[in-house]
Amino acid sequence: MAMDAVWAHRFRSMLTVIGIVIGITTVVVVASLLTGLRAGIVQFFDELGPDNVFLYKTSGDPSSEFASIKERHRRPMKKEYADLIMRAASNVHEIGLTLYIPPAPSGTIITAKVPGFETDSLNMVGTLPNAEELAPRDFDQGRFFTDEENDRVAHVAVLGYDLAHALFPSGEADGRTFMLDGSEFTVIGVFAKAKGGFFGQNAQDSVIEMPLKTAESRYPQLDRYMITAKAKPGYRQDAFDEVDGIMRRIRGLKTEQEDDFSISTPDQIIQQFDKITGIIGLVAIAISALGLLVGGIGVMNIMLVSVTERTREIGVRKALGARRVDIISQFLAEAMALTGAGGVLGIIFAVLLTMLVGALVPALPSSVPTWALVTAFTVSVSIGLFFGVWPAVKASRLDPVDALRYE
Amino acid sequence: MIPVTLISLVVGGIVIMNIMLVSVTERTREIGIRKALGARRFDIMLQILIEAVIMSFAGGGIGVGIGAVITVGLTAALGITLRVTWFYVLLSVLVSATVGIVSGWYPALKASKLDPIVALRAE
């Protein structure tokens, strides 16, 4: 019955709830985008190994050279630390060492070359064969390098999926050779396409991984080491505290001094991300709250008009024995039906919009979370309830004698 | 800040349009009489448009007033000197007038198109 009253004034009802539709659409779309983005990033860091603790000189991404001036003046992360930590930390199960090679270690930008094709979009690292145990990855073809290859400084490389396909368009990369900074490397493996990432991008897909000793012999001037300590299963926090303590001792820091190195775990990085998305979420809520507030006032306004218009109807109902509760529930139900329909409309728009964004920008993953739908519907019905109270009470207070006489 | 303001302006404008449409329906007889007494379509349109603009103007004025009070209050409370910029006051007045004209247009057009014979018969 309440729906009938809403449907009878289709155009008016639509204009009335448009604020609510806008508000609900905004908040559901933003929630969907953030949920999708977060899922990608969680997966990305999952691939780095959930039990790992990372040690690096600066707090930035090791593969980029960006760091604050203060952090740039820190002492380098020395490779000797790895053995010290492995010996001293009881909660550390395995330790890895990675050397990050910047795009231009000696002035000129390094490129990877095959006859007829050259690219400089690559991320080079030298690492130990145990990297595969620290953060296991799927292979598209081939294998990871061995201790033996590391020891004899072999010119072998494992490539990221995108890079392998750029260099060897046929897809057959295993066993082929390419030129890197003036020397020949043999491809022994290709990683499967990395899962997750930021806006669908994942630097892992353009990686060149070579044995650590090979990297060190080619670029002896570099000191950009990252130490990865894998905690014993379930002891990540203990390992984190232990490694932090050992590093402070190695560096000779006094109790009151801050860490002069960066120590982090994948879920700390996710927590930082959550802080940023929290702010975006708040802005979205502010926008939609305003739309909902103005929309709610519009609903109240139109319900007041509706009560005035239907004074005679109310009078008749009262004369036929309707109690105040009956009148109140009639108008409340109508207001709630109105805003509820607005909420459903908003949800439909949001889902369509999310699908559209997903189709147009495949790099931006998104998924509509169920909680957002439930909350959106509940909030929109509650708005009807809140702003419908006054008009409904006003209707219920009408004197049937006056109401029946109303022209 | 601008998207937030824009959304509330759009929603507010739609609310004005809605209420003016209701108002036109309620006053069908009045419009019929005015037309029967010789009002042209232009006169009816102007009447409804002016009502819508007055409404949005009043809204803008109240908004500027509240903004000024908050500015003065914040200046006193925080000790920083905040000033009401005349440019923005003028801008808000212009924007609210525009909102009134845009959202009043359709109801005004609808009212002006009423057939006086049908309108006079309306209950």
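Residues numbered from 1 in each chain as written. Chains lettered and ligands numbered in written order. Predicted model: local features only at pLDDT ≥ 70, side-chain atom pairs only at ≥ 80, totals over all residues.

### Things to note about the overall build of chain B
Note the cut-off: Strands here are runs of E lasting at least two residues and helices are runs of H or I lasting at least four, both read from the DSSP assignment and numbered beginning at the N terminus. Exposed residues have 12 or fewer other C-beta atoms within 10 Å of their own C-beta, buried residues have 20 or more, and partly exposed residues fall in between, where C-beta atoms are placed from the backbone. Residue pairs qualify as contacts under a 7 Å threshold applied to their C-beta atoms, which are placed from the backbone.
In terms of regular secondary structure, chain B is built from 5 helices and 0 strands. The secondary structure elements of chain B, listed N-terminal to C-terminal, are α-α-α-α-α. For chain B, the residues scored as buried account for 27% of the 123 residues in total. Summarising the internal contacts of chain B: among those between residues at least 6 apart in sequence, 90% fall at separations of at least 24.

### Digging into the overall build of chain A
In terms of regular secondary structure, chain A is built from 14 helices and 12 strands. By the burial criterion, 39% of the 407 residues in chain A qualify as buried. Within chain A, residue pairs in contact and separated by at least 24 positions form 83% of the contacts whose partners lie at least 6 positions apart.

### Describing the interface of chain B and chain A
The following threshold applies: Charged residues are taken to be Asp, Glu, Lys and Arg, nonpolar residues to be Ala, Val, Leu, Ile, Met, Phe, Trp, Tyr, Cys and Pro, and polar residues to be all remaining types, Gly included.
With 13 residues of chain B at the interface, the matching set in chain A holds 16 residues. For the side of chain B that touches chain A, a count of residues per class yields 10 nonpolar, 3 polar and no charged.

### Remarks on the packing of helix H2 (residues 10-47) of chain A against helix H13 (residues 370-396) of chain A
Residues and elements named next belong to chain A. What counts, and what does not: Axis angles are defined between N-to-C directions and span 0 to 180 degrees, where every axis is a line fitted to C-alpha atoms and, for a helix, only to the segment in contact. Note that the term roughly parallel is reserved for angles under 35 degrees, roughly antiparallel for angles over 145, roughly perpendicular for angles of 65 to 115, and oblique for everything else. Each crossing is labelled by how the near helix is turned from the far one, with a counterclockwise turn of less than a right angle marking it left-handed and a clockwise turn marking it right-handed.
With their axes 10 Å apart at the nearest point, H2 and H13 run at an angle of 160° to one another. It follows from the interaxial angle that H2 and H13 lie roughly antiparallel. At the point where H2 passes H13, the crossing takes the right-handed sense. Within the contact between the two elements, H2 uses Ile 20, Ile 24, Val 27, Val 28, Ala 31 and Ser 32 and H13 uses Ala 372, Ala 376, Ser 380 and Ile 383.

### Overview of the environment of A:Thr370
By the secondary structure assignment, A:Thr370 is in helix H13. Assessed through the 8 C-beta atoms surrounding it within 10 Å, A:Thr370 is described here as exposed.

### A word on the nonpolar core
So the rule is basically this: For the purposes of this analysis, a nonpolar core is taken to be any set of buried Ala, Val, Leu, Ile, Met, Phe, Trp, Tyr and Cys residues that are connected through C-beta atoms within 7 Å.
A:Ile24, A:Val28, A:Val299, A:Phe331, A:Ala335, B:Met20 and B:Ile48 are the most contacted members of the largest nonpolar core, which totals 67 residues. Residue assignment for this core shows that the elements contributing at least two residues are H2, helix H10 (266-309), helix H12 (324-360) and H13 of chain A together with helix H1 (2-26), helix H3 (41-78) and helix H4 (86-112) of chain B. Those residues in contact with B:Ile48, other than ones at most four positions away along the chain, are B:Met20, B:Val24, B:Gly104, B:Pro107, B:Ala108 and B:Ala111. Among the nonpolar cores identified, the runner-up in size contains 53 residues, and A:Leu99, A:Ala157, A:Ala164 and A:Ala215 belong to it.

### Observations concerning the confidence of the model for chain A
Filter applied, for reference: Per-residue confidence from the predictor is reported as pLDDT, which spans 0 to 100.
In the predicted model, chain A carries a mean pLDDT of 85, and 96% of its residues have values of at least 70. Of all helices and strands in chain A, the one with the weakest mean pLDDT is helix H1 (residues 2-8) of chain A (74), whereas H13(A) scores best (92).

### Details of the confidence of the model for chain B
The predicted model of chain B has a mean per-residue pLDDT of 86, with 97% of residues at 70 or higher. Both scores are given for the predicted complex: the pTM is 0.68, the ipTM 0.75.

### Concerning the environment of A:Lys78
Here A:Lys78 lies in the loop between helix H3 (69-72) and helix H4 (80-88). The spacing of A:Lys78 and A:Arg224 is 146 residues in sequence and 8.4 Å in space, taken between C-alpha atoms.

### Considering the pairing of strand E8 (residues 177-180) of chain A
All names here are of chain A. The line we're drawing: At least two bridges found by DSSP between two strands are what make those strands a pair.
Only one face of E8 is covered, namely the face carrying Phe 178 and Leu 180; the face carrying Thr 177 and Met 179 is uncovered. Two elements, strand E3 (residues 112-114) and E8, share 2 bridges in a ladder whose sense is antiparallel. Of the residues in E8, the one forming a bridge with Ala 112 is Leu 180. Relative to strand E9 (residues 183-191), E8 is paired through 4 bridges, and the arrangement is antiparallel. Bridge pairing in E9 links Thr 177 to Thr 186.

### With respect to H13(A)
Structurally, the α-helix is built with 3.6 residues per turn, so residues lying three or four positions apart point the same way. To be explicit about the condition: The span one expects for a helix is its residue count, reduced by one, times 1.5 Å. We define the bend at each residue as the angle formed by axes fitted to the 7 residues ending at it and the 7 residues starting at it.
Taking 1.5 Å as the rise per residue, H13(A) with 27 residues should run 39 Å; its terminal C-alpha atoms sit 38 Å apart, in good agreement. If you look at H13(A), its biggest bend is around 45°, right at A:Gly388, and the proline A:Pro391 turns up within four residues after that.

### Topic: the environment of B:Thr81
Residues and elements named next belong to chain B. Relative to the elements of secondary structure, Thr 81 occurs in the loop between H3 and H4. We classify Thr 81 as exposed; it has 6 C-beta atoms within 10 Å. Taking the C-alpha atoms as reference, Thr 81 lies 9.0 Å from Thr 71; in sequence the two are 10 residues apart.

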